[in-house]
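A structural walkthrough
Now for the letters of each chain:
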Amino acid sequence: MDATEAQTACFEAGIKFGTLYHQFAGTPVSPASADSLARAMEEAIENQPHCESVTVDVLVEELEAELADSAADYTELTGRFVEVEMTIDYEGHQIRTRMDVQDGYPLMRVEDVSPDA
């Protein structure tokens, strides 16, 4: 059985999350560089087919807390420092997705699947 267009759209969202997370995990980040890193992540993922929008929020307060007792002025980017929203548009289906930390784990999920309005 072939995948439906909605299922393929969800797969596209998963590809984008995999790329975003694994391409940028480990990147050095500080409160001062958080905004520019977030914009770079958004622009990189928006280049991919069917990606309508990406919003990346690097959690500066979380970074500051991590660095409070550190000798370094930066740390490496992990999922606990990032919230992401993406919208994928594929063959008449719009997929809204989100990644945020739940119970200490960066959870990526589909929020909504709907036909384009």
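Residues numbered from 1 in each chain as written. Predicted model: local features only at pLDDT ≥ 70, side-chain atom pairs only at ≥ 80, totals over all residues. Heavy atoms only, no water.

If you look the protein chain up in an unreviewed UniProt entry, it shows as Dihydroneopterin aldolase from Halosimplex litoreum. The record held by UniProt for the protein chain lists under Pathway (unreviewed entry) the comment "Cofactor biosynthesis; tetrahydrofolate biosynthesis; 2-amino-4-hydroxy-6-hydroxymethyl-7,8-dihydropteridine diphosphate from 7,8-dihydroneopterin triphosphate: step 3/4." As stated in UniProt under Sequence similarities (unreviewed entry), the record for the protein chain gives "Belongs to the archaeal dihydroneopterin aldolase family." (UniProt positions renumbered as here; feature names shortened; annotations may be inferred.)

**Some words on the pairing of strand β6 (residues 105-115)**
Relative to β6, strand β5 (residues 93-102) runs antiparallel, the two sharing 10 bridges. Within the sheet, the bridge partner assigned to V101 lies in β6 and is P106. Count of turn residues in the β5/β6 antiparallel hairpin: 2 residues, of which D103 carries a positive phi of about 55°. (Pairing = 2+ DSSP bridges. Helix = DSSP H or I, 4+ residues; strand = E, 2+ residues; numbered from the N terminus.)

**Concerning empty space enclosed by the protein**
Going through the model one piece at a time under the given rule, you end up with 1 cavity of 30 Å³ or more. In this model, the largest cavity occupies a volume close to 50 Å³. Forming the walls of the largest cavity are L20, Y21, F24, A25, M41, L77, T78, G79, V82, V84 and M99. At 3 residues, the largest contribution of residues to the lining of the largest cavity is made by helix α1 (residues 5-24). Residues belonging to the lining of the largest cavity are distributed by class as follows: 9 nonpolar, 2 polar and no charged. (1 Å grid on protein atoms, 1.4 Å probe; cavity = no way out; pocket = protein on both sides within 12 Å on 5 of 7 lines; lining within 4 Å. Points joined across faces, edges and corners; volume = space filled by probe spheres on them. Nonpolar A, V, L, I, M, F, W, Y, C, P; charged D, E, K, R; others polar.)

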